[in-house]
Amino acid sequence: MINNIAKDIYMIKVPLPENPLKNLNSYLIKGKTRNLLIDTGFNTQICYDALSDGIKEIGVDMNSTDIFLTHLHTDHAGLCARIASPNSKIYMSRIDSQHIKTFFNINYFDNLETIFYALGFSKEEFANNIKNSPIVKYAPPIETEYTEIEDGYMIDLGNRVIKAVLTPGHTPGHMCLYIENEKLLFSGDHVIFDITPNITKWRGFQNSLGQYMNSLNIIKNMPVELTFSSHRNPMGNCSERIDELFSHHKKRIAEAYNIVMQYPGLSPYDVASKMTWSIKAKDWKAFPVVQKWFATGEASAHLDYLEDEGKIKPTNINGEIKYWPI
Ligand SMILES: [Zn+2]
């Protein structure tokens, strides 16, 4: 399904079955010399059919189209190699491109295992989790070549120049796209209107929540008239939504802090089990393992933030991190 949302800009709804995100909003900008496709969908047949039908309906040729990936997650990057032509560049931030390569390291899951045991996951639960990981199921192939870009990189489509803005937080190298003279923003998963972007723990990326909030300020300071986000309802008031996201995280930071004050010595997994979640499950035990993974990652990001603020401190007890108030 396509929608013409601005002059020469189309949205293609790519379904994400059995995923709470429901769909990916992929965007296609028709240019004079090149077209640009923003994000692609999981590497599955359903996503491929929806995306390629949309591209056909818009009437552009992938030979004159480049691809921009806002970030490495497989609901955005998964199909890039399959939909690209040999002439297509696949742009991604250098930081996320380097991260995506680590998914294919033989010891990637061993490292991940170590991180998740440290966060308080049991071996049993983690093994189950790996089987359901979107990294395993929907990633682009290992040989995919990315054009690695930095903050401020300009993509020239002949009639429009589009600026890549580095907004680390949701992933270490997440990028938004900005068309300055029209005040148009493609916000990826940085600002979403109906749901709160997942902020989690990453290897080699300190205090992801703190970095996310800094990146919200970067966008808040830019004049934006129309925002196109990657999931659910694509449009809304960006500045108001950023204020809501700030107050959401402030509440969550306070909630995590109160839990550590009340129950000193908990792991991030245990803190997550005591936080409030909007998921439809009777209690923490009934959470699907993948949701426990997201929740624990999210709790951990809030605990890292509190640690950075000097409010709590971690101790490592037999490879497991436990948090204490200061
Ligand atoms: Zn994402």
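Keep in mind it's a predicted model, so treat the numbers as computed, not measured. (Residues numbered from 1 in each chain as written. Predicted model: local features only at pLDDT ≥ 70, side-chain atom pairs only at ≥ 80, totals over all residues. Heavy atoms only, no water.)

Novice: Summarise the coordination of the zinc ion; cite the residues concerned and give the values.
Specialist: In the first shell of the zinc ion, the protein supplies H71 (NE2), H73 (ND1), H170 (NE2) and D189 (OD), at 2.2 to 2.3 Å from the metal. For the zinc ion, the four donor atoms in the first shell make angles of 86 to 175° at the metal, a pattern classed as irregular. Positions of the donor residues of the zinc ion along the chain correspond to the pattern H-x1-H-x96-H-x18-D. Residue H170 is located in the loop between β9 (161-166) and β10 (175-179), and its partner D189 is located in the loop between β11 (184-188) and α8 (208-220); the two are separated by 19 residues in the primary sequence. Taken as a pair, H170 and D189 share a single burial class, namely buried. (Donors = N, O, S within 2.8 Å, 3.2 Å for Na, K, Ca; no water. Tetrahedral: all angles 85-135°; square planar, octahedral: opposite > 155°, others 65-115°. Helix = DSSP H or I, 4+ residues; strand = E, 2+ residues; numbered from the N terminus. Buried < 20%, exposed > 50% of the residue type's maximum accessible area, 1.4 Å probe, protein only.)

Novice: Describe the packing of aromatic side chains, and please don't skip the residues or the numbers.
Specialist: Tallied over the full model, the rule gives 10 aromatic pairs. Both rings, one in Y27 and one in F186, keep their centres 5.4 Å apart while their planes meet at 65°; by these two values the pair is edge-to-face. Highlighted residues: Y27 in strand β3 (residues 23-29) and F186 in strand β11, separated in sequence by 159 residues. Residue classification places Y27 among the buried residues on the basis of a relative accessible area of 2%. Judged by centre distance (5.0 Å) and plane angle (75°), the ring pair of F116 and W293 falls under edge-to-face. Here W293 lies in helix α11 (residues 289-308) and F116 lies in helix α5 (residues 108-118), a separation of 177 residues in the sequence. (Phe/Tyr/Trp six-rings, centres within 6.5 Å; stacked < 30°, edge-to-face > 60°.)

Novice: Report on the packing of α8 against α11, specifying residues and quantitative values.
Specialist: For the pair α8 and α11, the least separation of the axes is 7 Å and the interaxial angle reads 85°. Comparing the axis directions of α8 and α11 gives the class roughly perpendicular. Of the residues in α11, those touching α8 at S208, L209, G210 and M213 are A301, H302 and Y305. For the contact of α8 with α11, the class distribution of residues is four nonpolar, three polar and no charged. (Axes fitted to C-alpha atoms, helices over the stretch in contact; angles between N-to-C directions. Parallel < 35°, antiparallel > 145°, perpendicular 65-115°, else oblique. Contact = heavy atoms within 4.5 Å. Nonpolar A, V, L, I, M, F, W, Y, C, P; charged D, E, K, R; others polar.)

Novice: Which residues make up helix α9 (residues 238-262), and what values do they have?
Specialist: The end-to-end C-alpha distance of α9, which contains 25 residues, comes to 36 Å, matching closely the 36 Å that a straight helix rising 1.5 Å per residue would cover. Among all positions in α9, only C238, R241, I242, L245, F246, H249, R252, I253, E255, A256, I259 and V260 are buried. Capping the start of α9 is the job of one residue whose side-chain oxygen sits 3.1 Å from the backbone nitrogen of S239: N237. (Expected span 1.5 Å × (residues − 1). Polar contact = N/O pair within 3.5 Å; in protein donor to acceptor, adjacent residues only side chain to side chain.)

Novice: Account for the domain arrangement of the protein chain, naming residues and giving values.
Specialist: Each domain of the protein chain was delimited in the assignment, giving domain 1 (2-103 + 141-236) and domain 2 (110-134 + 256-325). Taken over C-alpha atoms, the centre of domain 1 sits 29 Å from the centre of domain 2. Facing the 15 residues of domain 1 at the interface are 14 residues of domain 2. Taken together, both faces of the contact between domain 1 and domain 2 bury some 1,200 Å²; the carbon and sulfur share is 54%. (Domains from an automatic or database assignment. Buried area = accessible area lost by both parts, 1.4 Å probe.)

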